[in-house]
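Structure at a glance
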Amino acid sequence: MNHILLFLKDFELGTKISSACVDQGYSVDFSDENTDPNSFKNDILAVFVDLDEKVFSSVGLVSELKRRNLIVIGIMKKINNRERTKLQSAGCEIIIPKSSVVKNIPRLLNELSLR
C-alpha cells in the first residue's frame, strides 16, 4: 500500500485530506517539524505540505523532501508568484490552493500513481 505523508497543523484540513486519501486506498501518516526524515516509510507516493505554516514553508524542508525523491505537493491559501517560483525551484512540484485540494485529491493521486 502506498503512503501519503502530511505536514499539516490545521486539524480540520488534515482530517479532510486524510479522509480523501484513505477513500482512495492510501495510508496516511502525519509529520511535524521534529520528524526524523530517516523514519519515513519507503513507499511514500506524495507529501502534502501546508506552506502557510511558518514551520513548513521553508525551502529547506521542501528541498530535503525532494532530495529523498518524494513528490512534494504544496498547499497555500493564496498563491503568489514569488513564493511559487522559490518553492518550485526547491523541489515543490505542485502548488494548489487550499480551497480546492480536497476535491482534487482523487484526480491528483491517480495521476501521481501513473508516474
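Being a predicted model, the structure only gives us computed values, none of them experimental.

1. Regarding the packing of aromatic side chains
Within this structure, the stated rule accounts for two aromatic pairs. When the ring of Phe7 is compared with that of Phe40, the centres are 6.3 Å apart and the planes differ by 80°; the resulting orientation is edge-to-face. Placement of the pair is Phe7 in strand 1 (residues 3-7) and Phe40 in the loop between strand 2 (27-31) and strand 3 (44-50), with a sequence separation of 33 residues. The pair formed by Phe7 and Phe40 is uniform in burial state, with each residue classed as buried. Relative to Phe56, the ring of Phe7 lies with its centre 5.5 Å away and its plane at 75°, an arrangement referred to as edge-to-face.

2. With respect to unusual backbone geometry
For Asn69, which is not glycine, the phi torsion reads 60° and is therefore positive. By the element assignment, Asn69 lies in the loop between helix 2 (59-67) and strand 4 (71-76).

3. Some words on the environment of Leu51
Here Leu51 lies in the loop between strand 3 and helix 2. On the basis of relative accessibility, which here comes to 5%, the residue Leu51 falls in the buried class. Separated by 25 residues in sequence, Leu51 and Met76 have C-alpha atoms that sit 5.5 Å apart. What Leu51 contacts, discounting residues up to four positions off in sequence, is Phe56, Ser57, Val62, Gly74, Ile75, Met76, Leu87, Cys92 and Ile95.

Definitions and cut-offs
Within each chain, residues carry numbers counting from 1 in the order of the written sequence. Two thresholds apply to this predicted model, a pLDDT of at least 70 for residue-level local features and 80 or more for giving and counting side-chain atom pairs, whereas whole-chain, interface and lining totals are computed over all residues. Excluding hydrogens and water, the side-chain values take into account all heavy atoms of the structure. For Phe, Tyr and Trp, rings pair up if their centres lie within 6.5 Å, where Trp contributes its six-membered ring, and each pair is then called stacked (planes under 30 degrees apart), edge-to-face (over 60) or tilted (otherwise). Secondary structure follows DSSP: runs of H or I at least 4 residues long count as helices, runs of E at least 2 residues long count as strands, and numbering of each begins at the N terminus. Using a 1.4 Å probe on the protein chains alone, a residue whose accessible area is under 20% of its type maximum counts as buried, one over 50% counts as exposed, and one in between counts as partly exposed. We call two residues contacting when some pair of their heavy atoms lies within 4.5 Å.

Interpretation note: all reported values are geometric properties and have no functional meaning in isolation.
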